[in-house]
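Geometric and topological summary
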Amino acid sequence: MGKARSAGARGRAPGAPAGARGGRARPSANPFEVKVNRQKFQVLGRKTRHDVGLPGVSRARALQKRTQTLLKEYKERDKSNVFRDKRFGEYNSNISPEEKMMKRFALEQQRQHEKKSIYNLNEDEELTHYGQSLADIEKHNDIVDSDSDAEDRGVLSAELTAAHFGGGGGLLHKKTSQQQGEEGEQPKSRRELIEELIAKSKQEKRERQSQREDALELTEKLDQDWKEIQTLLARKTPKSESKGGKEKPKPDAYDMMVRELGFEMKAQPSNRMKTEEELAQEEQERLEGLEAERLRRMLGKEEDEHIKRPKHTSADDLSDGFVLDKDDRRLLSYKDGKMNVEEEPSGEASSSESEEEEGKGSSAGDPEESDGPDSPSGLESDVESKDGSERTQEERRPNPGERSTADDREAARAELPYTFAAPKSYEELKSLLSGRSMEEQLLVVERIQKCNHPSLAVGNKAKLEKLFGFLLEYVGDLATSDPPDLGGIDKLVVQLYNLCQMFPEAASSAVKFVLRDAMHDMEGMVETTGRAAFPGLDVLIYLKIAGILFPTSDFWHPVVTPALLCLSQLLTKCPVQSLQDVVKGLFVCCVFLDYVSLSQRFIPELINFLVGILYIATPNRQSQGYALVHPFRALGKSSELLLVSDEEATATWHRRSLPLQWAGGLKAQTETEANHTRLSCLAVCLALVRRCVTAYGTLPSFHDIVRPLRALLTEHLAARSCPPELQELSRSILTEMEKQPKYYRPLVCEKSKPVPLKLFTPRLVKVLEFGKKQGCTKEEQERKRLIHKHKREFKGAVREIRKDNQFLAWMQLSEIMERDAERKRKVKQLFNTLATQEGEWKALKRKKFKK
Amino acid sequence: MEREAGPGGARRALGRLVEAVLANRGKANAVFDILAVLQSEDREEIQEAVRACSRLFGALLARGELFVGQLPSEEMVMAGSRGATRKYRVWMRHRYHSCCNCLGELLARSSFQVKELALSTLMKFVQLEGEHPLEKPKWEGNYLFPHQLFKSVVGGLLSADEDHSLLLCQFREYLEHDDIRYHTMQAATDAVARATDGRPEVPLTFWNNAFTLLSSVSLPRQERAPSSFYVKHAELSDKWKVVHLREHRKAFQQMWLGFLKHQLPLRICKRVLVITHDSILPHLAQPSLMIDFLARACDLGGAVSLLALNGLFILIHKHNLEYPDFYRKLYGLLDPSVFHVKYRARFFHLADLFLSSSHLPAYLVAAFTKRLARLALTAPPEALLTVLPFICNLLRRHPACRVLVHRPRGPELDADPYDPREEDPAQSRALESSLWELQALQRHYHPEVSKAASAINQALSEAEVSIAPLLELTAFQIFERELEKKGPEPVPLEFIPARGLLGRRADLCAQHFTLS
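Computed from a predicted structure; not experimentally measured. (Residues numbered from 1 in each chain as written. Chains lettered and ligands numbered in written order. Predicted model: local features only at pLDDT ≥ 70, side-chain atom pairs only at ≥ 80, totals over all residues. Heavy atoms only, no water.)

What about the overall build of chain A?
The number of helices and strands found in chain A is 33 helices and seven strands. When burial is assessed residue by residue, chain A has 34% of its 851 residues classed as buried. Of the contacts made within chain A by residues no fewer than 6 positions apart, 70% connect residues no fewer than 24 positions apart. For chain A, the exposed area adds up to about 55300 Å²; of that, 54% sits on carbon and sulfur atoms. (Helix = DSSP H or I, 4+ residues; strand = E, 2+ residues; numbered from the N terminus. Buried < 20%, exposed > 50% of the residue type's maximum accessible area, 1.4 Å probe, protein only. Contact = heavy atoms within 4.5 Å. Areas by Shrake-Rupley, 256 points an atom, 1.4 Å probe, with all protein chains shown as cover.)

Re the overall build of chain B
Looking only at helices and strands, one finds 23 helices and one strand in chain B. Each of the 516 residues in chain B was classed as buried or not, and the buried ones make up 53%. Long-range contacts, defined as pairs at least 24 residues apart, comprise 71% of the intrachain contacts of chain B with a sequence gap of at least 6. Entry remark: accessible area of chain B is about 23900 Å², with carbon and sulfur atoms responsible for 51%.

Comments concerning the interface of chain A and chain B
Across the boundary between the two partners, chain A contributes 94 residues, which contact 77 residues of chain B. Three residues stand out in chain A for area buried against chain B, namely W556, Y744 and L747 of chain A, and they jointly supply 11% of the buried area on that side. Counting every contact that joins chain A to chain B gives 26 residue pairs in polar contact (both at pLDDT 80 or more). Looking at the side of chain A that touches chain B, its residues break down into 52 nonpolar, 20 polar and 22 charged. (Buried area = accessible area lost by both parts, 1.4 Å probe. Polar contact = N/O pair within 3.5 Å; in protein donor to acceptor, adjacent residues only side chain to side chain. Nonpolar A, V, L, I, M, F, W, Y, C, P; charged D, E, K, R; others polar.)

What to know about the nonpolar core
Ranked by internal contacts, the top residues of the largest apolar core, which has 307 residues, are L660 and Y696 of chain A together with F259 of chain B. Take this core: its biggest share by element is 13 residues, from helix α29 (residues 671–696) of chain A. Not counting the four nearest positions on each side in its chain, L660 of chain A is found in contact with L486, L537, I541 and F587 of chain A together with L501, L502, F513, T514 and L515 of chain B. Counting residues in each nonpolar core, the second largest holds six residues, with L71, F807, L808 and M811 of chain A among its members. (Core = buried A, V, L, I, M, F, W, Y, C linked by side-chain atoms within 4.5 Å.)

As for the packing of helix α18 (residues 381–397) of chain B against helix α20 (residues 447–454) of chain B
All names here are of chain B. It is the contact of α18 with α20, at a shortest axis distance of 10 Å, that shows an interaxial angle of 20 degrees. Classified by the interaxial angle, the pair formed by α18 and α20 is roughly parallel. As α18 runs across α20, the sense of the crossing is left-handed. Every residue of α20 that contacts α18 at P381, L384, L385 and L388 is listed here: E448, V449, A452 and A453. Of the residues contributing to the contact of α18 with α20, the split by class is seven nonpolar, no polar and one charged. (Axes fitted to C-alpha atoms, helices over the stretch in contact; angles between N-to-C directions. Parallel < 35°, antiparallel > 145°, perpendicular 65-115°, else oblique. Left-handed = near helix turned anticlockwise from the far one by under 90°.)

Comments concerning the pattern of salt bridges
Applying the stated criterion to the full structure yields 39 salt bridges over all chains. The partner of R51 of chain B in a salt bridge is E48 of chain B, and the shortest N-O contact between them spans 3.1 Å. With a gap of three residues between them, R51 of chain B and E48 of chain B both fall in helix α3 (residues 43–63), about one helical turn apart. A residue is classified by how much of its surface remains accessible, and E48 of chain B, at 8% relative accessible area, is buried. Between D352 of chain B and R397 of chain B there is a salt bridge, and its shortest N-O distance comes to 2.8 Å. You can see D352 of chain B sitting in helix α16 (residues 344–354) and its partner R397 of chain B sitting in helix α18, a full 45 residues away along the chain. Residues participating in the shared-partner salt-bridge network are D704 and R707 of chain A together with K370, R374, D416 and E437 of chain B. (Salt bridge = Lys/Arg side-chain N within 4 Å of Asp/Glu carboxyl O.)

Concerning the packing of aromatic side chains
All names here are of chain B. Applying the stated criterion to the full structure yields 22 aromatic pairs over all chains. Both rings, one in F348 and one in F390, keep their centres 5.7 Å apart while their planes meet at 75 degrees; by these two values the pair is edge-to-face. With F348 in helix α16 and F390 in helix α18, this pair connects stretches of sequence that are 42 residues apart. Looking at F348, the relative accessible area reads 1%, which means it is buried. Taken together, the aromatic side chains of F313, F326, Y327, Y331, F354 and F368 make up a single cluster linked through ring pairs. For R371, the ring lying beneath its charged end belongs to Y331, and the centroid distance is 4.5 Å. (Phe/Tyr/Trp six-rings, centres within 6.5 Å; stacked < 30°, edge-to-face > 60°. Lys NZ or Arg CZ within 6 Å of the ring centre and 35° of its normal.)

A look at the side chain of K544 of chain A
With respect to the secondary-structure elements, K544 of chain A resides in helix α23 (residues 537–549). Given a relative accessible area of 5%, K544 of chain A falls into the buried group. With residues up to four places along the chain from it excluded, the contact list for K544 of chain A reads F587, V591 and D594 of chain A together with L501, L502, D507 and C509 of chain B.

Thoughts on the environment of P423 of chain A
Residues and elements named next belong to chain A. Assignment of secondary structure puts P423 in the loop between α17 (406–412) and α18 (426–433). Sequence separation between P423 and F470 is 47 residues, and the spatial gap between their C-alpha atoms is 8.5 Å. Ignoring anything within four residues of it in the chain, the contact list for P423 reads E428, L429, I448, L467 and F470.

As for a nonpolar patch on the surface
Residue and element names in this part refer to chain A. On the surface, V34, V36 and V52 cluster together to form a nonpolar patch covering roughly 240 Å² of accessible area. Mapped onto the elements, V52 comes out in strand β2 (residues 52–53). Looking at V52, the relative accessible area reads 51%, which means it is exposed. (Patch = residues over 30% accessible without salt bridge, like charges linked within 9 Å, V, L, I, M, F, W, Y side chains within 5 Å.)

Some details on the packing of helix α17 (residues 362–376) of chain B against α18 of chain B
Residues and elements named next belong to chain B. Running from amino to carboxyl end, α17 crosses α18 at an angle of 160 degrees, the nearest separation of the two axes being 10 Å. Taken together, the axes of α17 and α18 are roughly antiparallel relative to one another. As for the relative orientation of α17 and α18, their crossing is left-handed in sense. In this structure, α17 uses V365, T369, L372, A373 and A376 to contact α18, whose residues at the interface are L384, V387, F390, I391, L394 and L395. By residue class, the composition of the contact of α17 with α18 is 10 nonpolar, one polar and no charged.

Description of unusual backbone geometry
All names here are of chain B. We note that N320 has phi near 60 degrees; this positive angle belongs to a residue other than glycine. Within the secondary structure, N320 sits in the loop between α14 (302–319) and α15 (326–333). Look at R429: it is not a glycine, yet its phi comes out positive at around 55 degrees.

Comments concerning the side chain of K115 of chain B
All names here are of chain B. Checked against the element boundaries, K115 lands in helix α6 (residues 112–131). Under the relative-accessibility criterion, K115 is labelled buried at 6%. In contact with K115, not counting residues within four places along its chain, are L106, L107, R109, S110, E162, H164 and L167.

Quick notes on α17 of chain B
Counting along an α-helix, one turn takes 3.6 residues, and residues three or four places apart therefore face a common direction. Here α17 of chain B contains 15 residues, and its C-alpha end-to-end distance of 21 Å stays within 8% of the 21 Å for a straight helix at 1.5 Å per residue. Taking burial as the measure, the 15 residues of α17 of chain B include 13 buried ones, the bulk of the element. (Expected span 1.5 Å × (residues − 1).)

Some details on the confidence of the model for chain A
Any residue range with low pLDDT should be treated as having predicted coordinates unsuitable for detailed reading. Residues and elements named next belong to chain A. For chain A, the mean per-residue pLDDT works out to 74, and 70% of the residues sit at or above 70. At the level of individual helices and strands, chain A shows its lowest average pLDDT in helix α16 (residues 378–387), which scores 40, and its highest in helix α33 (residues 778–850), which scores 93. Segment residues 1–25 is flagged for pLDDT under 50; beyond a separation of four residues in sequence, or across chains, it makes 22 contacts in the model. Within the model, the stretch residues 142–156 combines pLDDT values under 50 with 10 contacts to residues more than four positions away or in other chains. (pLDDT = per-residue confidence, 0-100.)

Some remarks on the environment of E464 of chain B
Residues and elements named next belong to chain B. With respect to the helices and strands, the residue E464 is situated in the loop between α20 and α21 (468–471). By relative accessible area, E464 is classed as partly exposed at 40%. When the C-alpha positions of E464 and L394 are compared, they lie 8.9 Å apart, and in sequence the two are 70 residues distant. Among the polar contacts listed, one links the side chain of E464 to the side chain of R397, at a separation of 2.9 Å.

Concerning the state of the cysteines
Within this structure, the stated rule accounts for zero disulfides over all chains. Free of any disulfide, C509 of chain B has its nearest neighbouring cysteine sulfur in C590 of chain A, separated by 4.9 Å. (Disulfide = S-S within 2.5 Å.)

Looking at a positive patch on the surface
Residues and elements named next belong to chain A. A cluster of like positive charges, contributed by R59, K791, K795, R799, R802 and K803, occupies part of the molecular surface. Element by element, the count of residues in the positive patch is highest for α33, at five residues. Structurally, K791 can be placed in helix α33. Relative accessible area serves as the criterion here: at 52%, K791 is assigned to the exposed category. (Lys, Arg positive; Asp, Glu negative; His and termini not counted. Charge placed at Lys NZ, Arg CZ, Asp CG, Glu CD.)

Things to note about the environment of G53 of chain A
All names here are of chain A. Here G53 is to be found in strand β2. Sequence separation of G53 and N37 is 16 residues, and the distance between their C-alpha atoms is 8.0 Å. Setting aside residues no more than four positions away along its own chain, G53 makes contact with E33, V34 and K35.

What follows is the structure in structure tokens.
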């Protein structure tokens, strides 16, 4: 079978020359040999491939091919030795005969150079230069070398140039010519020849002595110039620097220099240095792109499309969260006529470079000086240089708050260790941070991040992801401590932002977790008591942080939308019972409005809350034109919470911002101070009302929305108990409300597209290679195609094998027949001989008998 | 009688006494000892005594050793010269009465076990007394039931001093029996009448107990003759009132009407209204008699009115009641607080029910739609998710109201013609207006609300959206749902770098708050 198969494969091999040649159908075929497959129907568009055939011809062709291949193999089946033609390229038609000859010659040469015997160690070919051993040349000192160089100049200038500029090809040529010269029968003896040569060269040497000195001078000058330029052309990698330093070119080693130039990497053309305008424009373009993306998300368009589009990941992506989003190659630039190697202002320069430059103290300008505010401060890189170990690949992040505290840190750094293991639990982080000042804490967090950068080790990503959750918890702890450490939170927010940029998934789930926690507590309280108290400052801070970390203007966002619901719950479920609650509520309102500051979305709860706040700042009376909703009550113990009736307090009040600490816990205040707080709250409330009026002015039913606000503000003005500043504010709000356009255009539905009529156009069906197998996916079609192809090929192979076997059987049969015929012939011959003998013998006997 | 220490000892002693009394009439005076223990303070002892009494009088009742008939006074019999057996029986019947009184008093004890035991003992007596009546039947097949004893039981249950809700729960299993239920209804009517008779203030506890008892009475839904009796009878007679469901209904109606005619506390009123449509109205003989109560409740305002409207609606719908101001009242109920109260789901369920008729006039539906839309401007998201589909459903049901969202070639106005303060929906000019409020809500911060409000931009689909699954939606559920949703990968991030907690200078937080 194996044999047959190989025979079959050979039979089908397209490259077999005889078959290919015989395959071409001759133009004038014998009409008796033509077989026509008549078609019963004409089908439009169907390709007919097998309508006409020449069965006799093709059978003869196949037979011929088999005779050439299979039969040969069959005949040689018992022979073990093979004749193999190992001439180079004998059967390769791609190579031209000339080329073939060349290659054969080269191979022959090569074979000659091969070692004759592996035991002969001294047979190494000696390397020569102009016929002299290279080993000898190396022993010469430079002066002799330069002399010989000068000596050679007259005679061998062509060879010399070839050596300098044309590589080593000329060398060989020279050698061979010399050999030829030696071998050839020359009239002059060798000595004569050499003497002549020497005389000639000495003469020339004398002639050019002076000229040479001039040239030397010029060369030196050129060298000097070159050295200056060299620094410009060379790439500024430390490797090349060190190499440059080591191989200091000797004054006249021009060759070496040329070689060096050849090997050294050329100064690659870098991008043109960008001007400031271009940089600004680039930044603007980036921001514009991001903004367009944001707008798209805000309107909630093409959500599905966005989901479908696969993210591009590089094949080299390690999925470690490390994204090199900027090309960190530096740009060549000049500053004050000197070259300046400037880091890109993205602040993502690798620290090793800046460090090296600092260490070298080179004249190439201070790289740190030109840094923008975003780039790392010099102090930081200093820290790192001491830090020592794994700092080379770290990303640097802008840390704006650090410079101011540089001096403090200078002192603190003395005690702090430089590497920190990432904390595995919240307690661990807390123990790391406890007892340190805020600056030290920040430093610790920063170092934890640096020591555990995801690009450094495999598990670091998970560690840092956890760190985000721990930091968030820590922030919550800071907020609930008494007094709340808001300054610390303020600094930590930056760290949280950085971590969030690195690990969006982990950060979003951590924020979601704390929000869920807060909502769960509140829900529990609502279920048991029907109402909920305002949560602690930590929840408010979490909500604010969520707004800082994630884009708040998205139509839907996995973190921001729940956060919005959380804010809404705070405003609707928590009754305002104390001044502290008012401060908290106003903070929530501010956060809420900040969330929608870009998208300008409408928040009914916020309006309700502001109405409530304005209500508790007015004396109770029968409500006119507005209705209070939960959690405010028209009457009750906190229904006049913000009412200030003290004239003196009103007079002495100055507008100022509310300290956020008050939301954490309000200190006991004197009556006047409390009144001042009330007025400040009222001022904030009015400012928020004003913001709402400007934001929602374009809403279609704006006047219905602000009707309660307007009624309350008019009441406020009528009461005249507020400080003049607030009265002025209310008045301006009222006028602004009036100014908003009052137009009511009747609503009209968008016209929907008419449903198209059913059309009877024919359905177009793609006819595939293997027939009409419709209704499946592309992969399925491909699979079916392959199956079909395999089946067809399999059938063909089987047929071929069968024919091969038939052929072989026929050959064997004919062999046997031949053998039999031979045997018969021989037997006949024998019988003939015997019969003749017998005849002769009988004749003899008869003769004898007769006698 | 020697006292032995410990409950076990007491039990043994009481057991011996009971045996003695049952065995020998001469030892009858030991009954006094048993009854004395009934008034003890110790819980265990009382329980033992109650059990002893139960055994003793149970046996006596079963044996028929108590006097049957009109009971003469004790002194008279003792003084008289009738037979000793008769004297004994009369005397023993008196002891039985005092025992029942004691047990009735025990119902007011604080210990639940004692109360429960007393109740079950009394009910056992009721059963035995029913089987072996203590009065002579006036004619053959006369229905006899221990009315006096049972009234005292029900009276004890409807105490004005203590909340008996647990005990009433226990009592509920006796109410499974038709006769007990029937007599309970009668007894309760009496008890309520007695408790409120001539008294201006009735304590809340009484109303609570009464309501618990009344609400646990539930008549069978199907029309079938009552057949399960607590007191076993050899054969049932057709002449007995207790076997007719009609009579049960009458008693039920009397009971409830007697209860509801009083000035009920608001909370009880609410609880009554909650079950009105379901378990009271269908069982009344004449449901329209409830109109007085419902109309009164309807004027109270707030949640109570809404619940009363539910009852009224059933009366109007099923019993041909005329109540012209129904929709006006409903319209009056719509104020901003409906979105914030606990019964929001119920309110919208009912409103959906009330407005489900497609034969309502267009002006009415338009007024409701417009008012709901106006209120939606103050609603939290969870309520908006209910009310917006609700409004869309109204528009679908009443094609005449579609002008509210689609008025091509309408004149441009400079004020909304709708008058929100008008109480009469007919005068509110809602049909001339448009739902601009929904247009405003398309800019709502919550994506789902925004989408729901945008439904009016297109021509509304024909099929209504079922709001039933949306009714019970709470903010927390929405929150959880948002958290569960899978977002785009990766999570979009803010590209403006953080500067600090309060954000950039332009932010409101930074303007109005400081960190220190």
